[in-house]
Amino acid sequence: MASYPQGYDEERFATTVNQNFLCLICFNVLREPVLCPRNHHCFCRSCITKHLENSRRCPTCADELTVETLAEPQRMVKDILNELNIHCIYIDRGCQEILQLQHLERHEATCGFTPAVCTNQGCGATLNQRDLVYHQSELCEFRKLKCHSWGETTKTLANMQEKIANMEKNMAFMRTKITNIEKNIATNAADIKTEMEGKLEAVNNEVRGLKTALIEGFDEMKDVLAEMKEENTRKVRNTASGDKENIIVAGGVGTDSVEMFDWHQRTWSPLQSLPKERHGATSFVYNNHVTISGGSCSGYVDDMIRMNINPNPDLSMHWTDCPVKLPAKLKYHSSVLYNNNLIVTGGHYGNATSDCIHEVQLVPPHTVRTLSRMPEGRSAHGMELFDEDLLIVGGRRTGSWEGNLSSVVLYDIKKNECKQLAPLPYEVSLMATVRWGDNIVVIGGVDKRGKVLDTVIIYNVKTEQSHLLPSMRCKRQGCTVVVLGNNIVVLGGYDGQGELKSVEAFNFDRNTWEELPEMSQARHLPTAVVV
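As the structure is a prediction and not an experimental result, all values here were calculated from the model. Within any chain, residue numbers begin from 1 and follow the written order of that chain's sequence. The predicted nature of this model means local features are confined to residues of pLDDT at least 70 and side-chain atom pairs, given and counted, to a pLDDT of 80 or more, with totals for whole chains, interfaces and linings taken over all residues. Hydrogens and water are ignored here; the side-chain numbers use all heavy atoms of the structure.

1. Let's talk about the overall build of the chain
- In this description a helix means any DSSP run of H or I spanning at least four residues, a strand means any run of E spanning at least two, and both kinds are numbered starting from the N terminus. In terms of helices and strands, the chain carries 6 helices and 32 strands.
- Per-residue burial for the chain yields a buried fraction of 48% across its 531 residues.
- Counting every atom, the chain has about 27,600 Å² of accessible surface; 47% of that belongs to carbon and sulfur. Each residue is placed in one exposure class: buried if its accessible area under a 1.4 Å probe, protein chains only, is under 20% of its type's maximum, exposed if it is over 50%, and partly exposed if it falls in between. Using the Shrake-Rupley algorithm and a 1.4 Å probe, accessible areas are obtained, with residue cover drawn only from the displayed protein chains.

Spelled out as structure tokens, the structure:
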């Protein structure tokens, strides 16, 4: 069925709108008005179309009604609506335009206050369209660097070319002079010719030297530019992975398998299996160890296990117990490293959902303390660290997707304060999240109707605004994600039909997803790190 937008918010209009022009379902100003044919009750096309999906009667007079029998209002009604004066939708971003409703769509399509995202790799800031070019070229810390020595080098090379041109002129003059001497002084021709040829050879040698120097100068400039390009690339890219090129993915529902992906070779290889099946856990790299915390091993656990990855992880490395424990037996919690501590939020334990923010010391005496409490308990949520702030998004209040949340909480570690930010566009849990610049990327998950998603949104911490990125190739809930250079790599999950071996990566340079080689083991609710 076709999709139509709902009515206009009455508060957007510059003058009071006659109540006869309000939709009898959404009570907003009519958008694309249609009528009940007998009693002329008027509705937005979107509102009545949605109503008629579940009913075949007018919601006001109860007459039999279908989408096909909806009537169009008189032209006068549309003319009056079209001439109403309305504020631009981007008034909160600074646009002061007031225009007739009939011109609104054309204006908003080209409005300079339309939100636009910086395309410089690693930035992702949202700003007004009219400010985008200046920001990208002059203000953005991720913009491409200019070579400030180029002008000076170009001037030097130009001087060298001018000198070569003068030398060539002198050579031509000397050739002419030699010719004249040969004609006019026959007796001394041989000696003079030899002398002049010697001088000419010397000049030729000098010219060849200058040409060689010029070529070397160009080659040196190419090397400098190549180094600057590489340095610029390192600055622009998200540096979460640094120069690491391996992904370790572990566990999942019903499996103790561990395997490693070599990003450069694009190959998978097995590692030592976990002591037992584990899913719904979190993982991190600390002191040359991959550590996995909590989750479910035929029951919720509070222990941590770790594997030494110094110098490189391989099949000879075994998993061992870690002396650190979580504050409770938790599954579907989130955790981040902060200094020498692990900060743990939420999670499911027993039949309850935690609202706690805990700090776990990773160095002796391994104390655990409660820092604060979130406004509501949540599990299967996302969390990323932004300097001194934790951004906590989505999740669920209960053990079911029906308790999904769209709320976003910012926890200031220094001030020990929580505050609510603008919510996500929809309720979601069991998604994967990763930090990208000043943004958190929310990947897949399940909505409050139990639908598995392929949706990807990027939410800016500073502006509290979000927009869609291209959708994944697969629907995924309970997947895991890592960052490698300019790529977000998503692994495994459940697509509504079964568990996935699939791996795909989003490249911010190309703004597209690509399939990577599959894992050897299908994984739902695994955990992964970059090493």
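2. Remarks on the nonpolar core
- Among buried residues, the Ala, Val, Leu, Ile, Met, Phe, Trp, Tyr and Cys ones that are joined through side-chain atoms within 4.5 Å form a nonpolar core. Counting residues in each nonpolar core, the largest one holds 26 residues, and the members touching the most others are Tyr8, Phe13, Val29, Ile48 and Leu81.
- Listed by contribution, the elements that provide at least two residues to this core are β1 (33-35), β2 (42-44) and α1 (45-51).

3. Considerations on the packing of aromatic side chains
- For Phe, Tyr and Trp, where Trp contributes only its six-membered ring, two rings pair if their centres lie within 6.5 Å, and the inter-plane angle classes them as stacked under 30 degrees, edge-to-face over 60, or tilted in between. Using the criterion set out here, one finds 6 aromatic pairs in the structure.
- Between the aromatic rings of phenylalanine 261 and tryptophan 268, the centroid separation amounts to 4.9 Å while the plane-to-plane angle is 45 degrees, which identifies the pairing as tilted.
- The class of tryptophan 268 is buried, set by a relative accessible area of 19%.
- Between the aromatic rings of tryptophan 436 and phenylalanine 508, the centroid separation amounts to 4.0 Å while the plane-to-plane angle is 5 degrees, which identifies the pairing as stacked. You can see tryptophan 436 sitting in strand β24 (residues 432-436) and its partner phenylalanine 508 sitting in the loop between β30 (503-507) and β31 (512-516), a full 72 residues away along the chain. By the burial criterion, tryptophan 436 is buried, and phenylalanine 508 matches it.
- The ring of tyrosine 8 is capped by arginine 31, whose NZ or CZ atom sits 3.8 Å from the centre of that ring.
- Residue placement shows arginine 266 over the ring face of tryptophan 263; its charged tip is 4.2 Å from the ring centre. Throughout this description, the term charge over a ring refers to an Arg CZ or Lys NZ atom that lies within 6 Å of the ring centre and within 35 degrees of the ring normal.

4. Structural notes on the pairing of strand β25 (residues 439-443)
- By the criterion of burial, β25 is predominantly enclosed, with 5 of the 5 residues buried.
- DSSP bridges decide pairing: two strands pair if at least two such bridges lie between them. Of the strand pairs in this sheet, β24 and β25 are connected by 5 bridges, and their pairing is antiparallel. Pairing of valine 434 across the sheet is with valine 441, part of β25.
- A loop of 2 residues connects β24 with β25, the two strands running antiparallel in sequence, and glycine 437 in this loop sits at a positive phi of about 65 degrees.

5. Considering the side chain of glutamine 477
- By the element assignment, glutamine 477 lies in the loop between β27 (466-469) and β28 (480-484).
- Not counting residues up to four positions away in its chain, the partners in contact with glutamine 477 are Leu430, Gly445, Val446, Val452, Gly493, Tyr494 and His524. Any two residues having at least one pair of non-hydrogen atoms within 4.5 Å are treated as being in contact.

6. Considering helix α4 (residues 129-139)
- All of the buried residues in α4 are Leu132, His135 and Gln136. Axial view of α4: buried residues confined to an arc of 90 degrees, hence all on one face. For α4, exposure combined with an orientation more than 90 degrees from the buried face picks out Arg130, Val133, Tyr134 and Leu139.
- In this fold, the buried residues of α4 make contact with β5 (115-117) and β6 (126-128). The arc under discussion is defined with respect to the helix axis, by the directions toward the C-beta atoms.

7. Remarks on the environment of leucine 210
- With respect to the secondary-structure elements, leucine 210 resides in helix α6 (residues 189-236).
- Sequence separation of leucine 210 and isoleucine 164 is 46 residues, and the distance between their C-alpha atoms is 7.1 Å.
- In this view, leucine 210 contacts Met160, Lys163, Ile164 and Met167; residues no more than four positions away in its chain are not counted.

8. Things to note about the layout of surface pockets
- Taken as a whole, the second largest pocket encloses approximately 380 Å³ of empty space.
- In this analysis, the protein atoms alone were mapped onto a 1 Å grid. Cavities are point sets where a 1.4 Å probe fits without being able to get out; pockets are open sets with protein on both sides within 12 Å along at least five of seven lines; lining residues have an atom within 4 Å of a point. If you go around the second largest pocket, you meet 15 residues; those closest to its centre are Tyr8, Arg31, Asn82, Leu101 and Glu105.
- Basically, the charged four are Asp, Glu, Lys and Arg, the nonpolar ten are Ala, Val, Leu, Ile, Met, Phe, Trp, Tyr, Cys and Pro, and anything else, Gly included, counts as polar. Across the lining of the second largest pocket, the residue classes tally to 7 nonpolar, 2 polar and 6 charged. Grid points are joined across faces, edges and corners, and a volume is the space filled by probe spheres set on the points.

9. Description of the pairing of strand β19 (residues 368-373)
- Pairing analysis gives 5 bridges linking strand β18 (residues 356-361) to β19, with the strands arranged antiparallel. Bridging across to β19, histidine 358 finds its partner in threonine 370.

10. Points about the confidence of the model for the chain
- Here the chain shows a mean pLDDT of 89. Residues at 70 or above account for 90%.
- What pLDDT expresses is the predictor's confidence in each residue, scored from 0 to 100. Predicted confidence in the chain is weakest over α6, with a mean pLDDT of 64, and strongest over β25, with 98.
- In the model, residues 231-240 has pLDDT below 50 throughout and makes 20 contacts with residues more than four positions away in sequence or in other chains.

11. Describing unusual backbone geometry
- Following proline 364, the chain continues into proline 365 via a peptide bond in cis, with omega recorded as 10 degrees.
- Secondary-structure assignment places proline 365 in the loop between β18 and β19.
- Unlike most non-glycine residues, arginine 266 shows phi in positive territory, near 55 degrees.
- Position of arginine 266 relative to the elements: it lies in the loop between β8 (258-262) and β9 (267-270).
- Taking the relative accessible area as the measure of exposure, arginine 266 reaches 31% and is therefore partly exposed.
- Of note, tyrosine 332 is a non-glycine position whose phi angle comes to about 60 degrees, a positive value.
- Structurally, tyrosine 332 can be placed in the loop between β13 (320-321) and β14 (334-338).
- Under the relative-accessibility criterion, tyrosine 332 is labelled buried at 18%.

12. Observations regarding the sheet that holds strand β23 (residues 417-421)
- Strand order in the open sheet made by the 4 strands is β20-β21-β22-β23, with antiparallel pairing throughout. The open sheet has two free edges, formed respectively by β20 (382-386) and β23, since each of these has just one partner strand. The sheet shows a mean angle of 20 degrees between the axes of neighbouring strands, direction not considered.
- Alignment of β20 against strand β21 (residues 389-393), held across 5 bridges, turns out to be antiparallel. Counted as the bridge partner of glycine 382 is valine 393 from β21. Angular values range over 0 to 180 degrees, each being the angle between N-to-C directions of two axes fitted as lines to C-alpha atoms, with helices fitted over their stretch in contact.

13. Thoughts on the sheet that holds β13
- Strand order in the open sheet made by the 4 strands is β10-β11-β12-β13, with antiparallel pairing throughout. Strands with a single pairing partner mark the edges of an open sheet, and in this sheet they are β10 (282-286) and β13.
- Summarising the sheet, β10 and strand β11 (residues 289-293) pair through 5 bridges and their orientation is antiparallel. Among the inter-strand pairings, serine 283 is bridged to a residue of β11, identified as isoleucine 292.

14. A short note on the state of the cysteines
- Any pair of cysteine sulfurs within 2.5 Å is marked as a disulfide. Scanning the model with the defined rule gives 0 disulfides in all.
- Between cysteine 44, a free cysteine, and cysteine 23, which holds the nearest cysteine sulfur, the sulfur-to-sulfur gap is 3.9 Å.

15. Concerning the pattern of salt bridges
- A carboxyl oxygen of Asp or Glu within 4 Å of a side-chain nitrogen of Lys or Arg is what we treat as a salt bridge. A full pass over the atoms with the stated rule returns 18 salt bridges.
- The partner of arginine 75 in a salt bridge is aspartate 79, with the nearest N and O atoms 4.0 Å apart. Remark: aspartate 79 and arginine 75 occur in helix α2 (residues 75-82); sequence separation between them is 4 residues, near one turn of the helix.
- With a shortest N-O distance of 3.3 Å, aspartate 303 and arginine 278 are connected by a salt bridge. One end of the pair, aspartate 303, is in the loop between β11 and β12 (304-308); the other, arginine 278, is in the loop between β9 and β10, with 25 residues separating them in the sequence.
- Through salt bridges with shared partners, one network takes in Glu32, Arg45, Glu72 and Lys78.

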